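Descriptive structure summary
Each chain, written out:
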Amino acid sequence: MAAMPYKYQRLKSNSREIRMLQIYPTWRRSSTIKCSLVTADLDKLDSEAVPFSFYEALSYTWGDATGKVTIKLDGCPFEVTRNLAAALRRLRARRGYRYLWVDAVCINQADEQERNSQVALMGLIYRTAEQVLIWLGREADGSKGAMKLIDNISNIGVEESDVAASLANEAHRARWQNVARLFDRSYWRRVWVRQEIALAKGIVVPCGDQMMSWDALIEAAIFLNENTAEFEPIAAELTRYTSGYHDAIGMDILREMILKENHVPLEDVILHLRQCDCTDQRDKVYGALGLVGPEVDVPIDYGLDKVTTRGVVVDTISEVCAVYDNDATLCEVLEEWRTLAMKTLQALRPPPSDDEMRSCFWRTITANEELRGLAASEGFIAQALEHIEEDSSDAIPPIDLRYGQTAFNERFREDATHRRFYATENGYVGLGPSDVKSGDLVVVLLGNVLPLVLRKEDDHHLVVGETYTHGIMNGEIALDLNKGSLCIDDFEIY
């Protein structure tokens, strides 16, 4: 007779009650994963009725939804992804229960109302956990050696000059390629991990059978960032996505902001989430809420298919260029972008200076960001000069980004890949989503600082995506509203 599938018991409404996964101990790695779910109120964790004195929270990627693994949950079969099964198998203790909050199991994913209420508590759940476990996945692609190498970099007595020499040593190339693969894992691109890391009291990083501290990982990431010119050519042989260590540094910056101010400015969060992956685009909003504090009040509702809000139409997009998506067309695409930028900016009255036009274009194609997600400095933008290969009298000289390992080049590849350069009717230039087209609107919604591209369809608007539009990224629209040159409109957005 087949065992009955697991049936969730409802949580109390209007409370902070959550479920906790109680993982059974075992001495055998291959034995079936056995767990139970226990309920607890986040406001009453010190109650004698709570069977644990502390809990941990898992930060991970769900992984491939196909080929699931069956575990035992309160004696009933329950399917989880292979990546989660590997994490539970690795993290269960030999003696005693381990209490772990895991979203895929602790939330009834089939109950939309519960999912809404529990996602709203996730910030508090990760803040309250004794520590957060960053599960990078099973041992693969040399991850064991990479973890040991990263841990060694942070050890006392290891000189930076020794590590730099190792990077330059051809015989050590394979070791650093393993590190590149570790930072290429999909974990670093996930939306929710920003919140989970930033809010954690403490963090440890297991991968396969290896484990290291968050501090060790960040020290190694900072070192790689300072030695980009040596490390990037090694990483580029394996993948186009080489910035996982920059993502880690950005997450640590968010973490420091939380520790200092207990929140992160909304515009900083949006910048950090721009390049993140998520299966549901609403998560780019919901995944930010635990970071920005209570002043940004957005109800979580995964059943919501439209929202009515207010905002300002800044301008209409009048011309778009080709998408940059590979180096084979890089020169042609950059030249088209540069040409449109000069045509648009030179038509302004009065026209900007050559220096202002160069700064505008170079800041736009990198979204005015440095590698750590900070606003681009003059020194960072000046790195574009290293890519000028011929004398030119043009206000914006042509640059060749096929070569040269500069932070500017890497930021361009991160921010400009699969995006289009555009111009607006009133002379703005910007970097938008790949499917942006003429006639789309550049809009700033009330309560937000950064713009979106919206598309009018019948009586509503569709979100095309976020955009960098030079000249309106720092709240300048508020001044235009005060002058009366712009007005507030209502938007019904699907």
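Note: the structure precedes this text.
A short tour of the structure in this document, coming up. The model shown is predicted, which means the values in this text are computed figures rather than measured ones. (Residues numbered from 1 in each chain as written. Predicted model: local features only at pLDDT ≥ 70, side-chain atom pairs only at ≥ 80, totals over all residues. Heavy atoms only, no water.)

**Let's talk about the layout of surface pockets**
- By volume, the second largest pocket is sized at about 590 Å³.
- In terms of lining residues, the second largest pocket is bounded by 20 residues, among which Trp62, Arg190, Trp192, Thr279 and Asp283 are the most central.
- Looking at which element gives the most residues to the lining of the second largest pocket, the answer is helix α3 (residues 112-128), with 3 residues.
- Residues that form the lining of the second largest pocket fall into these classes: 8 nonpolar, 5 polar and 7 charged. (1 Å grid on protein atoms, 1.4 Å probe; cavity = no way out; pocket = protein on both sides within 12 Å on 5 of 7 lines; lining within 4 Å. Points joined across faces, edges and corners; volume = space filled by probe spheres on them. Helix = DSSP H or I, 4+ residues; strand = E, 2+ residues; numbered from the N terminus. Nonpolar A, V, L, I, M, F, W, Y, C, P; charged D, E, K, R; others polar.)

**Concerning unusual backbone geometry**
- Residue Pro350 follows Arg349 across a cis peptide bond; omega there is -5°.
- Among the structural elements, Pro350 can be located in the loop between α14 (330-346) and α15 (354-365).
- Positive phi, close to 55°, is recorded for Asn14, a residue that is not glycine.
- Examined against the element boundaries, Asn14 turns out to sit in the segment before β1 (17-23).
- Residue classification places Asn14 among the exposed residues on the basis of a relative accessible area of 84%.
- Positive phi, normally seen in glycine, also occurs at Asp141, with a value near 55°. (Buried < 20%, exposed > 50% of the residue type's maximum accessible area, 1.4 Å probe, protein only.)

**Here's the deal with the pairing of strand β15 (residues 460-466)**
- Counting buried positions along β15 gives 5 out of 7 residues, so the element sits mostly inside the fold.
- The sheet contact formed by strand β14 (residues 452-457) and β15 spans 6 bridges and is antiparallel. Pairing of Leu452 across the sheet is with Glu466, part of β15.
- If you look at the hairpin formed by β14 and β15, you'll find 2 residues sitting between the two strands, and Asp458 has a positive phi there, around 55°. (Pairing = 2+ DSSP bridges.)

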